[in-house]
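# Structure assessment
Chain by chain, the residues:
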Amino acid sequence: MKSKKDLVGGQAVYEGVMMRKGIDIAVAVRDPDGQIVIKKERLQPYFKKWTQIPFLRGLMILMDSLFWGIKALNYSTQVAFKEEEKIDNNWEIGLALLLGFALFVVLFIVLPLLIVRPIERYISSQIIIRLLEGIVRLVIFVLYLFSITKIKEIYRVFQYHGAEHKTVFCYEAGEELTVENCRKYSRFHPRCGTSFLLVVMLVSIVVFAFLGQQPFLLRIISRILLIPVIFSLSYEIIRIGSQHTDSWFWKIILTPGLWMQYFTTKEPDDYQLETAIVALKEVTEKEYASEVGS
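Residues numbered from 1 in each chain as written. Predicted model: local features only at pLDDT ≥ 70, side-chain atom pairs only at ≥ 80, totals over all residues. Heavy atoms only, no water.

An unreviewed UniProt entry lists the protein under the name Conserved membrane protein YqhQ, with Dictyoglomus thermophilum given as the organism.

Let's shift gears to the overall build of the protein. Assigned secondary structure in the protein consists of eleven helices and four strands. Looking at the protein as a whole, 46% of its 294 residues qualify as buried. The contacts of the protein with a sequence gap of at least 6 include a subset with a gap of at least 24, amounting to 68%. (Helix = DSSP H or I, 4+ residues; strand = E, 2+ residues; numbered from the N terminus. Buried < 20%, exposed > 50% of the residue type's maximum accessible area, 1.4 Å probe, protein only. Contact = heavy atoms within 4.5 Å.)

On to the pairing of strand β3 (residues 24-30). Counted residue by residue, β3 has seven buried out of seven residues, so it is predominantly covered. Both faces of β3 are covered, namely the face carrying Asp 24, Ala 26, Ala 28 and Arg 30 and the face carrying Ile 25, Val 27 and Val 29. Note that strand β2 (residues 16-21) and β3 share six bridges and pair antiparallel. Looking at the pairing, Arg 20 lines up with Ile 25 of β3. Once β2 ends, the chain turns through two residues before running back antiparallel as β3, passing Gly 22 with a positive phi of about 60°. The antiparallel hairpin formed by β3 and strand β4 (residues 36-42) contains five residues in its connecting segment, where Gly 34 sits at a positive phi of about 90°. (Pairing = 2+ DSSP bridges.)

Let us now look at unusual backbone geometry. With a phi angle near 55°, Glu 15 is a residue other than glycine that sits in the positive phi range. With respect to the helices and strands, Glu 15 occurs in the loop between β1 (9-13) and β2. A relative accessible area of 16% means that Glu 15 is categorised as buried.

This part takes up a nonpolar patch on the surface. The grouping of Leu 131, Ile 135, Val 139 and Leu 143 at the surface amounts to a nonpolar patch, some 350 Å² of accessible area in total. Looking at where Leu 131 falls in the secondary structure, it is placed in helix α4 (residues 126-148). (Patch = residues over 30% accessible without salt bridge, like charges linked within 9 Å, V, L, I, M, F, W, Y side chains within 5 Å. Areas by Shrake-Rupley, 256 points an atom, 1.4 Å probe, with all protein chains shown as cover. Salt bridge = Lys/Arg side-chain N within 4 Å of Asp/Glu carboxyl O.)

Moving on to the packing of aromatic side chains. Under the definition given, this model contains eleven aromatic pairs. Ring centres of Tyr 14 and Phe 81 lie 5.2 Å apart, and the angle between their planes is 20°; on these two criteria the pair is classed as stacked. Of the two residues, Tyr 14 sits in the loop between β1 and β2 while Phe 81 sits in the loop between α2 (56-80) and α3 (90-116), which places them 67 residues apart along the sequence. According to the relative accessible area criterion, Tyr 14 is partly exposed, its value standing at 22%. (Phe/Tyr/Trp six-rings, centres within 6.5 Å; stacked < 30°, edge-to-face > 60°.)

With that out of the way, let us pick up the nonpolar core. If you look at the biggest cluster of nonpolar residues, it comprises 32 residues, and the most contacted ones within it are Phe 104, Phe 108, Phe 141, Phe 196, Ile 227, Ile 230 and Phe 231. Broken down by secondary-structure element, the contributors of at least two residues to this core are α2, α3, α4, α7 (193-208), α8 (216-242) and α9 (248-264). The element that contributes the greatest number of residues to this core is α7, accounting for eight residues. With residues up to four places along the chain from it excluded, the contact list for Phe 104 reads Ile 109, Met 201, Ile 227 and Phe 231. (Core = buried A, V, L, I, M, F, W, Y, C linked by side-chain atoms within 4.5 Å.)

On to α2, then. Taking 1.5 Å as the rise per residue, α2 with 25 residues should run 36 Å; its terminal C-alpha atoms sit 36 Å apart, in good agreement. Phi turns positive one or two residues past the end of α2, at Lys 82, with a value near 55°. (Expected span 1.5 Å × (residues − 1).)

This is how it looks when you write it as structure tokens:
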């Protein structure tokens, strides 16, 4: 097994996979001719300082992952559709992040509050009301995941998501990165963003339960203000749980998140696994070079 410092992560993009290890990021995308096109970038070393601070690191890593995830998606569409390469505009990426955050607030904060509001007058316990709000939020989340799997393009992205997980598992097991070796591993990974989002939903139920009775507008504002706290707590839970996968307690905590990956990951073909392997080898090339030289 690889040590904790060697942990890698990734993201499925359009017709490809982004892999990340430390400050190295690589995106491998299939062009219309079936060739794998690679783009590699290196982050500034100062970013590593933020990842060492408990609780704060969760929010910083999330924002950083969203930023680079959008850049990778932009690049993948350029390659897949053979568009002219353009310089990424940070303002456009910032706007995309803002719009994504607004959608999150509407779907998972405002909408559950609106659905629960008409029945609040019949329930005296604020804890039960907040629990119902959390259940509604979970139902919306599951329905959202289920609905987008019906989109053909999204289904292919989810296949690449499965390829990413299988390839990372193979790497973490210390095996050679081949299609045959990666194929045998699970497409459900405990550090997946889907698991993280489910933990966010569950943690929000607990945190919001302490808010008590509030005017409707204040409920929305307080929940928005608590998002950084919830994300940070959720990240620490996922981080600890992924390091104790043999513990029955953490298996219980992480299993629902793995169930959610039935929606967001699909079995990849060899073509997609090969793409994920190329991306992962790009960010771990020094390790493979040292193995060859030893």
